[in-house]
Amino acid sequence: MVKIYKKSVTQFIDKPLDVVFSFFAKPENLRRITPSTLDFQILTPTPISMVKGTVIDYNIKVMGIRVHWRTLITSYNPPTQFVDEQTKGPYLLWIHTHTFKIKDEGVEIHDCIEYSIPLGLLGRFVHFLWIKRKLDQIFDFRRRKIEEIFISDELSVSYSL
């Protein structure tokens, strides 16, 4: 039986909903909120138009090995939610739901990831030893970087990509 893991992260940003959603609706901004150790590269020609059915190809480095990752936007409901699902990559299952809610004159960003690891019991062991901790580090970095971008004037740069 395949084990499905869940990761849930919530963050508050003191900016208008349209500004926050616009930033996340540009896949080109993913590189800015991804640790450099993953050497994240978008392969899909930019600019990328986000709609239901958009396919986005990336390369990342995992333990020094370049991995091709492809996601499909399976739901796109601006400015409140979109879902990307891995169709090719390191996981058996990866469904990332991005939800944006107006709260206290700002926006609550909620990421919910459902994922599954290949290799059965060995995959579970690797998840326990390394993958879970690595995902925690990636999403901690992402949270800090998002705060930094939205607090500073860096947002204007994201619109000119």
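Here we summarise the structure given alongside this text.

Along its length, helix H2 (residues 120-151) shows its largest kink, about 60°, at His127. The complete set of buried residues in H2 reads Gly123, His127, Ile131, Leu135, Ile138, Phe139, Arg142, Ile146, Ile149 and Phe150.

Applying the stated criterion to the full structure yields 1 cavity of 30 Å³ or more. Here the largest cavity defines a volume of roughly 40 Å³. If you go around the largest cavity, the residues you meet are Val9, Gln11, Ile109, Asp111, Phe139, Arg142, Arg143 and Ile146. Taken together, the elements giving at least two residues each to the lining of the largest cavity come down to strand S1 (5-13), strand S7 (106-116) and H2. Per-element tally for the lining of the largest cavity: the top contributor is H2, with 4 residues. The class makeup of the residues in the lining of the largest cavity is 4 nonpolar, 1 polar and 3 charged.

Attention shifts here to helix H1 (residues 17-24). Regarding H1, the residues found buried are Leu17, Val20, Phe21, Phe23 and Phe24. Around the axis of H1, the buried residues are gathered within 155° of arc, so they sit on the same side.

For the rest of this paragraph, the subject is the packing of aromatic side chains. By convention here, two paired aromatic rings are described through the distance between centres and the angle between planes. Scanning the model with the defined rule gives 16 aromatic pairs in all. With a centroid separation of 5.3 Å and an interplanar angle of 90°, the aromatic rings of Trp69 and Trp94 are classed as edge-to-face. With a gap of 25 residues between them, Trp69 in strand S4 (residues 65-77) and Trp94 in strand S6 (residues 93-103) connect regions that are remote in the sequence. Trp94 carries the same exposure label as Trp69, and that label is buried. Ring geometry for Phe82 against Phe100: centres 6.2 Å apart, planes inclined by 25°, an arrangement best described as stacked. With a gap of 18 residues between them, Phe82 in strand S5 (residues 81-88) and Phe100 in strand S6 connect regions that are remote in the sequence. The residues Phe82 and Phe100 share a single accessibility class, namely buried. A network of ring pairs unites the aromatic residues Phe21, Phe23, Phe24, Tyr76, Phe82, Phe100 and Phe150 as a single cluster.

In terms of nonpolar packing, the biggest core is built from 36 residues, with Val20, Phe24, Tyr91, Phe100, Ile109, Tyr115 and Phe150 touching the most fellow members. Every element with two or more residues in this core is listed here: S1, H1, strand S3 (55-62), S4, S6, S7 and H2. Sorting elements by how many residues they give to this core places H2 first, with 7 residues. Setting aside its immediate chain neighbours within four residues, Tyr115 contacts Lys3, Ile4, Tyr5, Lys6, Lys7, Tyr91, Leu93, Trp94, His127 and Leu135.

Definitions and limits used
- For every chain, the first residue of the written sequence is number 1, and numbering continues from 1 onward in sequence order.
- Local features are withheld for residues below a pLDDT of 70 in this predicted model, meaning they are given only at 70 or higher, and side-chain atom pairs are given and counted only at 80 or more; totals for whole chains, interfaces and linings count all residues.
- As a convention, hydrogens and water are excluded, and side-chain values are obtained from all of the structure's heavy atoms.
- Here the bend at a residue is taken as the angle between two axes, fitted respectively to the seven residues that end there and the seven that start there.
- Every helix listed is a DSSP run of H or I at least four residues long, and every strand listed is a run of E at least two residues long, numbered separately from the N terminus.
- Residue burial is assigned from relative accessible area. The probe radius is 1.4 Å, only protein chains are included, and a residue is buried under 20% of its type maximum, exposed over 50%, and partly exposed in between.
- A 1.4 Å probe that fits but cannot get out identifies a cavity on a 1 Å grid over protein atoms alone, an open set with protein on both sides within 12 Å along at least five of seven lines counts as a pocket, and a residue lines either if it has an atom within 4 Å of a point.
- Grid points are joined across faces, edges and corners, and a volume is the space filled by probe spheres set on the points.
- All residues other than Ala, Val, Leu, Ile, Met, Phe, Trp, Tyr, Cys, Pro, Asp, Glu, Lys and Arg, Gly among them, are scored as polar; the first ten of these are nonpolar and the last four charged.
- Here the arc refers to the directions that run from the helix axis out to each C-beta atom.
- Two aromatic rings from Phe, Tyr or Trp, using only the six-membered ring of Trp, form a pair when their centres are within 6.5 Å; if the ring planes differ by under 30 degrees the pair is stacked, by over 60 it is edge-to-face, and anything between is tilted.
- For the purposes of this section, nonpolar cores are sets of buried Ala, Val, Leu, Ile, Met, Phe, Trp, Tyr and Cys residues that join through side-chain atoms within 4.5 Å.
- Whether two residues touch is decided by their heavy atoms; if any such pair falls within 4.5 Å, the residues are in contact.

Remember that the coordinates give geometry; whether it matters functionally is a separate question.
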